[in-house]
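Secondary and tertiary structure notes
Here's the letter readout for the chains.
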Amino acid sequence: MPTIGPDDVLVEVRATSICGTDLHIYRWDPWARDHVVTPVTVGHELTGVVVERGANVTEPDIGSLISAESHVICHRCNWCRTCQGHLCPNTEIIGVHRDGAFAEYVAIPAENAWVDPPDMALSVASLQENFGNAVHAVSVPEVSGRKVLVTGAGPVGIMAIATAKALGARAVYTTDLSEYRLELAAKMGADLALDPTSEDAETIIRDATGGAGVDVLLEMSGAPAAIAMGFRLLKPGGEVALLGLTSRSIEFDLDDSIIFKGATIHGIVGRRMWETWLEMRGLIRSGAVDLAPVVTHRFALDDYHDAFALMESGRCGKVVMFPDPSVADGPLGTGP
Ligand code: NAD
Ligand code: ZN
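Residues numbered from 1 in each chain as written. Chains lettered and ligands numbered in written order. Predicted model: local features only at pLDDT ≥ 70, side-chain atom pairs only at ≥ 80, totals over all residues. Heavy atoms only, no water.

**Describing the packing of helix α5 (residues 155-166) against helix α6 (residues 179-187)**
- Close contact between α5 and α6 brings their axes to 9 Å; oriented N to C, the two are set at 20°. Here α5 is positioned roughly parallel relative to α6, judged by the angle of their axes. Judged by the sense of rotation from one axis to the other, the crossing of α5 with α6 is right-handed. Here Pro-155, Ile-158 and Ile-161 of α5 come into contact with α6, specifically with Arg-181, Leu-184 and Ala-185.
- When its residues are assigned to classes, the contact of α5 with α6 shows 5 nonpolar, no polar and 1 charged. (Axes fitted to C-alpha atoms, helices over the stretch in contact; angles between N-to-C directions. Helix = DSSP H or I, 4+ residues; strand = E, 2+ residues; numbered from the N terminus. Parallel < 35°, antiparallel > 145°, perpendicular 65-115°, else oblique. Left-handed = near helix turned anticlockwise from the far one by under 90°. Contact = heavy atoms within 4.5 Å. Nonpolar A, V, L, I, M, F, W, Y, C, P; charged D, E, K, R; others polar.)

**Things to note about the sheet that holds strand β8 (residues 147-151)**
- Strand order in the open sheet formed by 6 strands is β10-β9-β8-β11-β12-β13, with parallel pairing between adjacent strands. Here the strands that pair on one side only, and so sit at the sheet edges, are β10 (192-194) and β13 (264-267). Strand-to-strand twist across the sheet, computed as the mean angle between neighbouring axes with direction ignored, equals 15°.
- Along the sheet face, helix α7 (residues 201-208) touches β8, β9 (171-175), β10 and β11 (214-219) and points at about 165° away from the line of β10. (Pairing = 2+ DSSP bridges.)

**Overview of the environment of Val-49**
- Checked against the element boundaries, Val-49 lands in strand β2 (residues 45-53).
- Placed 84 residues apart in sequence, Val-49 and Asn-133 show a C-alpha to C-alpha distance of 23 Å.
- With near-sequence residues (within four places) excluded, Val-49 lies in contact with Leu-10, Val-11, Glu-12, Arg-14, Gly-63, Ser-64 and Leu-65.

**Some details on the pairing of β13**
- Note: strand β12 (residues 234-242) against β13, 4 bridges, orientation parallel. From the neighbouring strand, Ala-241 faces β13, where its bridge partner is His-266.
- Handedness of the crossover joining β12 and β13 through helix α9 (residues 254-259): right-handed. (Right-handed = clockwise from strand over helix to strand, strands pointing away.)

**Structural notes on the environment of Asp-302**
- Within the fold, Asp-302 resides in the loop between β14 (295-300) and α11 (304-313).
- Taking the relative accessible area as the measure of exposure, Asp-302 reaches 72% and is therefore exposed.
- Sequence-wise, Asp-302 and Asp-324 are 22 residues apart; in three dimensions their C-alpha atoms are separated by 9.3 Å. (Buried < 20%, exposed > 50% of the residue type's maximum accessible area, 1.4 Å probe, protein only.)

**Observations regarding a nonpolar patch on the surface**
- Taken together, Ile-250, Phe-252, Leu-254, Ile-259 and Phe-260 make up a surface patch of nonpolar side chains, about 500 Å² in accessible area.
- Assignment of secondary structure puts Ile-259 in helix α9. (Patch = residues over 30% accessible without salt bridge, like charges linked within 9 Å, V, L, I, M, F, W, Y side chains within 5 Å. Areas by Shrake-Rupley, 256 points an atom, 1.4 Å probe, with all protein chains shown as cover. Salt bridge = Lys/Arg side-chain N within 4 Å of Asp/Glu carboxyl O.)

Okay, here's the thing in structure tokens:
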């Protein structure tokens, strides 16, 4: 049982979803080795009920259904003081630097709790933290009326596709290596969903733009081949939002990809606090983005090995785990 400080709330976890970053941790790749502070309980996407409050906490109420912003920020640095807390260099991430949500209970600062409507599906409530990455990435470049390429149709890429469509993109193209995910991407609104290893995705997308290339690249794979192709397909003067983690240094043609193209590059980290959360609330509650189809599998938390094996296989969208399987908002899966 985690202990709470005076500014914390204790949350009984109802649902906790697996992020691509958890997969980096599960594989214990170079990024994980450099960033995760052990020993730690991992997991940073969650929804749950507030069951106890620290001495200084006046809200949220006990019994509230909440989700969590996973970035715990310092409030002292120049970035925090200028409303750019997502860039706080003193950030501690729940489930990376401090105990997280793959557990029955988690302690989080009260200010990191985001109160959900009580009727919100638990799996959707849990994945909002991750949806926020997609919404943040899509909102930084201008997508309205423009042709957008999303490289990597993992859960974040798929939610980015739906968001770009909701925000008025003229067309959204995507690439991935998983047939399952390409089908899901098409269901979520992608105009073209292509596997670059089995078809000439680059030519097909270039042709779809009349040879000009795309206005906006949303890089959601972290794969060097996808990054290179995405930049080749970027129009001169285009905008790029980079979100996928490469996990290691990569080779990249800066000259032709960025400099001679006059491209504008945005690094995307976390969510803007709390603009992104408000935007998400609006996108979800207006029905502009329906996240239900993104949740493809549910598991009891005890079966996390099966859940991670499924994530590794790529034959899934968002995978959600339930410490108490009796509250699961859909049938539980049995593995890949
Ligand atoms: P994911 O690993 O499930 O998705 C990545 C997708 O890229 C996979 O579906 C994979 O098949 C695809 N891919 C691999 N090689 C490819 C290629 N050559 N061409 C096209 N697609 C290819 O991860 P996710 O949960 O969707 O997250 C996306 C990325 O964003 C991950 O790297 C994750 O670590 C990162 N991330 C970053 C932030 C941030 O704040 N910047 C936050 C969350 C996640
Ligand atoms: Zn700070």
